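Chains, contacts and geometry: an overview
Here are the chains, one letter per residue:
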There are 2 protein chains.
Amino acid sequence: MHPRQIQHCNQCGTAVEHRVPEGDTHARAVCPACGHIQYENPRNIVGTLPVWEGRVLLCKRAIQPRYGLWTLPAGFMEMHETTEQGALRETHEEAGVEIELDGLYCMANVKPVSQVYLLYRARMLRPHWEPGPETLEARLFGATEVPWDQLAFRTVRETLERFFAEQQTGRYSLQIFDID
Amino acid sequence: MHPRQIQHCNQCGTAVEHRVPEGDTHARAVCPACGHIQYENPRNIVGTLPVWEGRVLLCKRAIQPRYGLWTLPAGFMEMHETTEQGALRETHEEAGVEIELDGLYCMANVKPVSQVYLLYRARMLRPHWEPGPETLEARLFGATEVPWDQLAFRTVRETLERFFAEQQTGRYSLQIFDID
Ligand SMILES: [Zn+2]
Ligand SMILES: [Zn+2]
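Keep in mind it's a predicted model, so treat the numbers as computed, not measured.

Focus: the coordination of the zinc ion (ligand 1)
Residues and elements named next belong to chain A.
- Each protein donor to the zinc ion (ligand 1) is listed here as Cys9 (SG), Cys12 (SG), Cys31 (SG) and Cys34 (SG); together their distances run 2.3 Å.
- Given four donor atoms and angles of 101 to 120° at the metal, the environment of the zinc ion (ligand 1) is assigned as tetrahedral.
- Along the chain, the residues donating to the zinc ion (ligand 1) fall in the pattern C-x2-C-x18-C-x2-C. Highlighted residues: cysteine 9 in the segment before β1 (17-19) and cysteine 31 in the loop between β2 (28-30) and β3 (37-38), separated in sequence by 22 residues.

Structural data, given as structure tokens:
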């Protein structure tokens, strides 16, 4: 989701000014009453490619945006967790699947919405899953089975394309790319 | 810097409640007046290891925290930039040095302050730099010259230790680690 523009100071409630503070390089939401500067920064989306016998577990979204389209288990990283912990948490919440992480697979910048995807390859420990409330259903897909025209996000498509291409070679390397 | 706890809705200014919204898993700052939920998420710190003839350019901080201690050029990623663009911008702002990125070198989670460091190796195009206002001075350091007891952050120390160890082998690989 896009964050809405800051209108009020989150420390004292006064209406903010949007201006470049002295010594700064970017416009910020500055409070004329208490002086607090409310920063906005890009957010990380952490998640996994859960793999069982070469097939990847995708989740059909039960929430907006992109209701009914397929995605990897992933979501916003929370305070006081590491990227690995966030990836495990999101996979557990959305797919209800037991996994072990196999290393960072993709770092993708989605500049228009100020998001950074950090997705890990993961080994499913058994072919069993239990989707959470944000997921209509989950299913394993091989390279030829992926619903390419029903994927929720371009980052997911790009990641899956790269993953299945590398799967042919048997060797995986960190994928770094930008989505405009 | 630690973000201060959210006290007021940044959309309407009303004092927020801190509670777990329906269907959510974490406590949030929820506005009882307009219903807006103000999320907080970890922030990325982007920067570089600028290298000239095997030595790394460090910057002596002219700002708090850690005034007078040495660090790599790095800072908070801004909205509407990629991690690469952020790393280049911070290096330019803090060290005033022309570089080309050589690839992501380190991803470090600093969970207690909810920060993720993303640092790139970078080639300096010439042995010239011009520190910005946040830097007292900048200087090149080889493995045996680094002021190990005057480094500003543990992430910087850990990254430099790993970099100079790998320098012996002539091969660099992505470093992923956590700082508690
Ligand atoms: Zn204020
Ligand atoms: Zn409100």
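After that view, the rundown keeps rolling.
Some points on the relation of the copies chain A and chain B
- Overlay of chain A on chain B (RMSD 0.0 Å): rotation 180°, translation along the axis 0.0 Å. In symmetry terms, the pair is related by a two-fold rotation axis. It is glycine 13 of chain A whose C-alpha, among those of chain A, lies nearest the rotation axis, at 2.0 Å.
- The overlap is high: 100% of the interface residues of chain A also sit at the interface in chain B, so the same surface is used on both sides.

Some remarks on the coordination of the zinc ion (ligand 2)
Residues and elements named next belong to chain B.
- Taken together, Cys9 (SG), Cys12 (SG), Cys31 (SG) and Cys34 (SG) make up the protein donors of the zinc ion (ligand 2), found 2.3 to 2.4 Å from the metal.
- With four donor atoms in place around the zinc ion (ligand 2) and angles of 101 to 120° between them, the coordination shape is tetrahedral.
- Motif for the zinc ion (ligand 2), donor spacing along one chain: C-x2-C-x18-C-x2-C.
- Cysteine 9 sits in the buried class, given a relative accessible area of 1%.

Reading guide: rules and limits
Per-chain numbering applies: the sequence of each chain, read as written, is numbered from 1 onward. Whichever chain is written first is A, and whichever ligand is written first is 1; the rest continue in order. Local features are withheld for residues below a pLDDT of 70 in this predicted model, meaning they are given only at 70 or higher, and side-chain atom pairs are given and counted only at 80 or more; totals for whole chains, interfaces and linings count all residues. Processing note: side-chain calculations cover all non-hydrogen atoms of the structure and skip hydrogens and water entirely. Coordinating donors are taken to be N, O and S atoms lying within 2.8 Å of the metal, or within 3.2 Å when the metal is Na, K or Ca; because water is excluded from the atom set, some sites may appear incomplete. Geometry is assigned from donor-metal-donor angles: four donors are tetrahedral when every angle falls between 85 and 135 degrees, four are square planar and six octahedral when opposite donors sit over 155 degrees apart with all other angles between 65 and 115, and any other arrangement is irregular. Helix and strand definitions here come from DSSP, where helices need a minimum of 4 consecutive H or I residues and strands a minimum of 2 consecutive E residues; each element is numbered from the N-terminal end. When the copies are overlaid, the least-squares fit takes in C-alpha atoms only where the residue has pLDDT of at least 70 in both copies. Contact definition: two residues touch when any of their heavy atoms are within 4.5 Å. Only protein chains enter the accessibility calculation, which uses a 1.4 Å probe. A residue is then buried if its area is under 20% of the maximum for its type, exposed if over 50%, and partly exposed in between.

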